[in-house]
Amino acid sequence: MTEEKQKLEQQLWNIANDLRGKMDADDFRDYILGFIFYKYLSRKMELYANKILAPDKLTYDDIDEETDLGQQYLEAIKAESLEALGYFLKPSELFHKLAERGNAEGKTKFILDDLDKVLNNIAQSTMGTDSEEDFDNLFEDLDLTSSKLGKTPNAKNELIVKVMNRLDQIDFKLEDSDSDVLGDAYEYLIGQFASGAGKKAGEFYTPQQVSKLLAAIVTTGKEKLKSVYDPTCGSGSLLLRVSKEVTEVGKFYGQEMNPTTYNLCRMNMIMHDVHYRRFDIKNENTLEQPQHEDERFEAIVANPPFSAKWNPDAVINDDRFSSYGKLAPSSKADFAFVQHMVHQLSEDGTMACVLPHGVLFRGAAEGHIREYLIKEMNYLDAVIGLPANIFYGTSIPTSILVLKKKREHTNDVLFIDASQHFEKVKTQNYLREEDLDKLISTYRERKVEDKYSYVASLEEIAENDYNLNIPRYVDTFEEEEPVDIQAIAKELKNLEKDMQSTDQSIADYCKELGIESPF
């Protein structure tokens, strides 16, 4: 399976590299991921229709759309498909049919108008059904008229046909219902594009090792989850990672402000075979326009934008923030996201959130909110310091705050300093498997280890004025070897003797040569 997965990942990445030409990788991402998604929907549709038609010994390709009988078949298949898959495609609209039309008899044919119509038809097929919102505008970033594809319509068409033909040659093997190979390959491509996207990457991708750590924390002691939520869900990789740590997740919830990333997240969910009824992803500003305010979630994971600007005036008298007495400063929304997540957390839930180190010690309103979370609410369960430079596009050190409403350890807080446990590859730092295993076992077993982890009482944290800066609790100071003054004095004396002897030798040579000595 691993070999098959790697092969598929490489094939897809090669297509992206070979065909993007001078286009920015970031721009080409929307096209390649969009077309992979279209091929996935086509193949799913074809397999589903073939199953329905099997008793009549027909396949979807056999249906003649121009006949009354063909239309009757299509009407019946459409009704069942909208219920089961959430969308519908006619045989002539399938990916491989369009790819064939674009390359008929080895010559490129113009298919952009047909392709545009098909992509619109996918969303239109869902209108008035339960899946309408989940498929609405999914392909809006796949702009077939963009000048980035080429200067003329024919040049644009030629590139699109090439991409479709290369993708058409790959077997996604969707018949294997247990396989998540394609979903993982999709995730791999998102990660590959993120690694080259600089600061923009933070908007849609959390590095896999960090996703794994957050997912392991919020699923500790659980086999099933009723719900998982990410208030800044990006491409949805964190939500999907959580589902790999348990046998079942009832429903996935997320909110994302960026429309392109929001589309990517919905595609990612569907590509991982999450039924449209099992996810609820919204496109809005989480702090100002929360879309799931009345819901409570068993697991919450998040990697919000670090120290983003926000508008506190927009949430005056909002229940999510009012009990704290103070709001996070407009220049740093970090604690606003924490307060929002605490509001959404169920009584038996766990939340784990990546934040910049500054949240551990900054004063003023942030210091007040931090104290309130610990002293009044007693929700803070653990503080984990991560190595610097493990996120794409930023090198700042980061930490993870773990909060629970019903804590097992109500008198103390676990601190872990993992900042020195990583591997450096080129310019990026990575958590290795052994680093992750150590972090997860230390958190789960609440282990204390010299220079790595420490359990601090609430009194100790109060004595530190609710400053959570990790070096105050985990001492990683390495003592230097004691200096032997006597040995150094002796060594200096010997050096002085050697220098005098050398000077004398040089002076003797000069005398023999009849020249003036420098000493």
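Residues numbered from 1 in each chain as written. Predicted model: local features only at pLDDT ≥ 70, side-chain atom pairs only at ≥ 80, totals over all residues. Heavy atoms only, no water.

As recorded in an unreviewed UniProt entry, the protein chain goes by site-specific DNA-methyltransferase (adenine-specific) and comes from Marivirga arenosa. We quote the UniProt Catalytic activity (unreviewed entry) comment for the protein chain here in full: "a 2'-deoxyadenosine in DNA + S-adenosyl-L-methionine = an N(6)-methyl-2'-deoxyadenosine in DNA + S-adenosyl-L-homocysteine + H(+)". Among the UniProt annotations of the protein chain, the heading Sequence similarities (unreviewed entry) holds the following wording: "Belongs to the N(4)/N(6)-methyltransferase family." (UniProt positions renumbered as here; feature names shortened; annotations may be inferred.)

(A) Looking closely at the packing of aromatic side chains. Scanning the entire structure with this criterion turns up 9 aromatic pairs. Centroid distance Tyr253 to Phe297: 4.8 Å. Interplanar angle 50°. Geometry classified as tilted. Of this pair, Tyr253 sits in strand 2 (residues 248-255) while Phe297 is found in strand 4 (residues 297-302), placing the two residues 44 residues apart along the sequence. Considered together, Tyr253 and Phe297 belong to a single accessibility category, that of buried residues. (Phe/Tyr/Trp six-rings, centres within 6.5 Å; stacked < 30°, edge-to-face > 60°. Helix = DSSP H or I, 4+ residues; strand = E, 2+ residues; numbered from the N terminus. Buried < 20%, exposed > 50% of the residue type's maximum accessible area, 1.4 Å probe, protein only.)

(B) Region of interest: the sheet that holds strand 7 (residues 398-404). Here we have 9 strands laid out as an open sheet, ordered 3-2-1-4-5-7-6-8-11, and mixed in their pairing. Looking at which strands have only one partner, the edges of the open sheet turn out to be strand 3 (279-282) and strand 11 (453-457). Strand-to-strand twist across the sheet, computed as the mean angle between neighbouring axes with direction ignored, equals 15°. Across 5 bridges, the pairing between strand 6 (residues 380-385) and strand 7 is antiparallel. Among the inter-strand pairings, Ala382 is bridged to a residue of strand 7, identified as Val402. Across the face of the sheet, helix 9 (residues 208-218) comes into contact with strand 4, strand 5 (345-356), strand 6 and strand 7 while running at roughly 155° to strand 5. (Pairing = 2+ DSSP bridges. Axes fitted to C-alpha atoms, helices over the stretch in contact; angles between N-to-C directions. Contact = heavy atoms within 4.5 Å.)

(C) Here's a closer look at the packing of helix 9 against helix 15 (residues 433-445). Packing of helix 9 against helix 15 leaves a shortest axis separation of 10 Å and a crossing angle of 20°. Relative to helix 15, helix 9 is oriented roughly parallel. Regarding helix 9 and helix 15, the two cross each other, and that crossing is right-handed. Residue-level inspection shows Gln209, Lys212, Leu213, Ala216 and Ile217 of helix 9 in contact with helix 15, the latter providing Glu433, Leu436, Leu439, Ile440, Tyr443 and Arg444. Its residues assigned to classes, the contact of helix 9 with helix 15 comprises 7 nonpolar, 1 polar and 3 charged. (Parallel < 35°, antiparallel > 145°, perpendicular 65-115°, else oblique. Left-handed = near helix turned anticlockwise from the far one by under 90°. Nonpolar A, V, L, I, M, F, W, Y, C, P; charged D, E, K, R; others polar.)

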